[in-house]
Amino acid sequence: MPSDSRGPAEPAFLRAARRQPTSYTPVWLMRQAGRYLPEYRALRARHGFLELCHNPAAAAEVTLQPVERLGVDAAILFADILLLLEPLDRGLEFGKGEGPIIHRPIRSETDVEALAPIDVDEAVPFVFETVRMVTRALGGRVPLIGFAGAPFTVASYLVEGGPSRDYLHTKRLMYESPEAWCRLMEILAGATARYLNGQIAAGADAVQLFDSWIGVLSPDDYRTYVLPHVRSLIAALAPGTPVIHFGTGTTALLRLMREAGGDVIGLDWRVDLDTGWNLVGHDVGVQGNLDPAVLLGPPALIRERVKTVLDRAGGRPGHIFNLGHGVHRDTPVDHVRAMVDLVHELSDRR
Ligand code: CP3
């Protein structure tokens, strides 16, 4: 694999993110490091999740594990979208199995006014150190993707106090106190831009903005309450570093997400890849979009579905293969590895 990150020998992942031709379709996975990997579970048996995130040597090790094991074309930083919320002191905890919990959620205008400022350099120096360690260890073999949560998705945890079905506390704050909502989004967008720029300065080659739960909003609400903030966040990022803008349940929002920004738009599996690419326009790249549940199925089905995604991309420059969302915890590792190999084999253009 080419190791020079400048000029014609740039790795396939970065070339695709810039819509340049590649000799095969690059692939990486969301939740590349996670509970389906035995080596990750072994580390987790000895350390808490936040403890791992705070320890750059351990976090760097987790980041590198799937690169060796899966043969992916990019590494994704091991961290979490909620780390930036720790300095707000609202009682962030990663409970067993049920996902993150925020013990003192933000529900009112008064709560927003009382928010402590986020000093990014003070809050997450361990993330920047992890990026430096990973970049050094990778030595340009594959690029490193940094990431952050988008303001809506991060706010949804802060307001709901955890995962939610209907996001009613979040929507109530948005509708009842639009000025407080706007202030909250500005705080999060500003801190997130500084956070991503810090990752880029530390060596991240690309960044992904996760707006995982944005699909609960109508297009009108996205336009009014979210789009301006995401647009200013992306506009504040260091130029020249590709930005992947991802969400799920976004079929009706894709055009607006594209308007907000990003070099590559992430598609989930609820839209056919060619339809999604038409919606965002061929002057941006797309990432996606196999249903992660397909990896629970038999090898013949996985092969057929991988081929369908590649056929729909049609070999056009600017496609990065990924799942439509993260790898499920019960996924057999050999299915994941086989999928990565299949993408390389079926897309070989040399
Ligand atoms: O992709 C990767 O491998 C990089 C690491 C990564 C993690 N979280 C590690 C993690 C990334 C990119 C994230 C982002 C993240 N975190 C998102 C956006 C991506 C998405 O899935 O939509 C969200 C919504 C979160 C919040 C979060 N953190 C949730 C919902 C959970 C619980 C998940 C579950 O399965 O219960 C976490 C915890 C978390 N983040 C784990 C990992 C590996 C599992 C923690 C553990 O080991 O117990």
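Residues numbered from 1 in each chain as written. Predicted model: local features only at pLDDT ≥ 70, side-chain atom pairs only at ≥ 80, totals over all residues. Heavy atoms only, no water.

1. Some details on the packing of helix 8 (residues 151–160) against helix 10 (residues 178–202)
Then, in step 1: In contact at an axis separation of 10 Å, helix 8 and helix 10 are set at 115° when each is read in the N-to-C sense. Crossing geometry of helix 8 relative to helix 10 is assigned as right-handed. Where helix 8 approaches helix 10, its residues P151, F152, V154, A155, L158 and V159 are matched on the opposing element by W181, L184, M185, L188 and A189.
Then, in step 2: Taken together, the residues of the contact of helix 8 with helix 10 break down into 11 nonpolar, no polar and no charged. (Axes fitted to C-alpha atoms, helices over the stretch in contact; angles between N-to-C directions. Helix = DSSP H or I, 4+ residues; strand = E, 2+ residues; numbered from the N terminus. Left-handed = near helix turned anticlockwise from the far one by under 90°. Contact = heavy atoms within 4.5 Å. Nonpolar A, V, L, I, M, F, W, Y, C, P; charged D, E, K, R; others polar.)

2. Some points on the sheet that holds strand 6 (residues 243–247)
Then, in step 1: Spatial strand order, 1-4-5-6-7-8-9: 7 strands in an open sheet with parallel pairing. The open sheet terminates on both sides in strands that have one partner only, identified here as strand 1 (75–76) and strand 9 (319–323).
Then, in step 2: Examined bridge by bridge, strand 6 and strand 7 (residues 264–266) share 3 bridges and lie parallel to one another. Counterpart to F246 in the pairing with strand 7 is G266.
Then, in step 3: Contacting strand 7, strand 8 (285–290) and strand 9, helix 13 (residues 273–280) runs over the sheet at an angle of about 155° to strand 8. (Pairing = 2+ DSSP bridges.)

3. Considerations on the environment of W28
Then, in step 1: Of note, W28 is situated in the loop between helix 1 (12–17) and helix 2 (38–46).
Then, in step 2: For the pair W28 and H103, spaced 75 residues apart in the sequence, the C-alpha separation amounts to 33 Å.
Then, in step 3: Non-local contacts of W28, meaning those with residues more than four positions away in its chain, are made with F13, V72, A74, I76, I145, Q208, I244, Q287, I320, F321 and N322.
Then, in step 4: There is a polar contact of 3.0 Å between the side chain of W28 and the side chain of Q287. (Polar contact = N/O pair within 3.5 Å; in protein donor to acceptor, adjacent residues only side chain to side chain.)

4. Details of the site of the ligand
Then, in step 1: Around the ligand lies a shell of 24 residues, among which R31, R35, Y40, S212 and H325 are the nearest.
Then, in step 2: Between the ligand and R31 there is a distance of 2.5 Å, counted from an oxygen atom to a backbone nitrogen or oxygen.
Then, in step 3: Interatomic distance of 2.5 Å between a side-chain N/O atom of H325 and an oxygen atom of the ligand.
Then, in step 4: Within the complex, the protein chains bury 90% of what would otherwise be the 870 Å² of accessible surface of the ligand.
Then, in step 5: Every element with two or more residues in the shell around the ligand is listed here: helix 2 and strand 3 (99–102). (Near = heavy atom within 4 Å. Areas by Shrake-Rupley, 256 points an atom, 1.4 Å probe, with all protein chains shown as cover.)

5. Topic: the packing of aromatic side chains
Then, in step 1: Under the criterion given, the structure shown has 8 aromatic pairs.
Then, in step 2: Geometrically, the ring pair formed by F128 and Y195 is tilted, given 6.2 Å between the ring centres and 55° between the ring planes. Residue F128 is found in helix 7 (residues 125–138), and its partner Y195 is found in helix 10; the two are separated by 67 residues along the sequence.
Then, in step 3: A centroid spacing of 5.8 Å and a plane angle of 80° characterise the contact between F210 and F246, whose relative ring orientation is edge-to-face. Here F246 lies in strand 6 and F210 lies in strand 5 (residues 206–211), a separation of 36 residues in the sequence. (Phe/Tyr/Trp six-rings, centres within 6.5 Å; stacked < 30°, edge-to-face > 60°.)

6. Thoughts on the nonpolar core
Then, in step 1: Formed by 128 residues in total, the largest nonpolar core has its most connected members in V124, L184, Y222 and M339.
Then, in step 2: With 13 residues, the top contributor of residues to this core is helix 10.
Then, in step 3: Among all residues touching L184, those that are not within four sequence positions of it are V112, L115, A155, L158, V159 and L173. (Core = buried A, V, L, I, M, F, W, Y, C linked by side-chain atoms within 4.5 Å. Buried < 20%, exposed > 50% of the residue type's maximum accessible area, 1.4 Å probe, protein only.)

7. Topic: a positive patch on the surface
Then, in step 1: Residues R31, R35, R44, K96 and R329 make up a contiguous surface patch of positive charge.
Then, in step 2: Tracing the backbone through its elements, the reader meets R329 in the loop between strand 9 and helix 15 (333–346). (Patch = residues over 30% accessible without salt bridge, like charges linked within 9 Å, V, L, I, M, F, W, Y side chains within 5 Å. Salt bridge = Lys/Arg side-chain N within 4 Å of Asp/Glu carboxyl O. Lys, Arg positive; Asp, Glu negative; His and termini not counted. Charge placed at Lys NZ, Arg CZ, Asp CG, Glu CD.)

8. Here we look at the side chain of Q199
Then, in step 1: Note that Q199 resides in helix 10.
Then, in step 2: Setting aside its immediate chain neighbours within four residues, Q199 contacts L77, V127, F128, V131, G146, F147 and A204.

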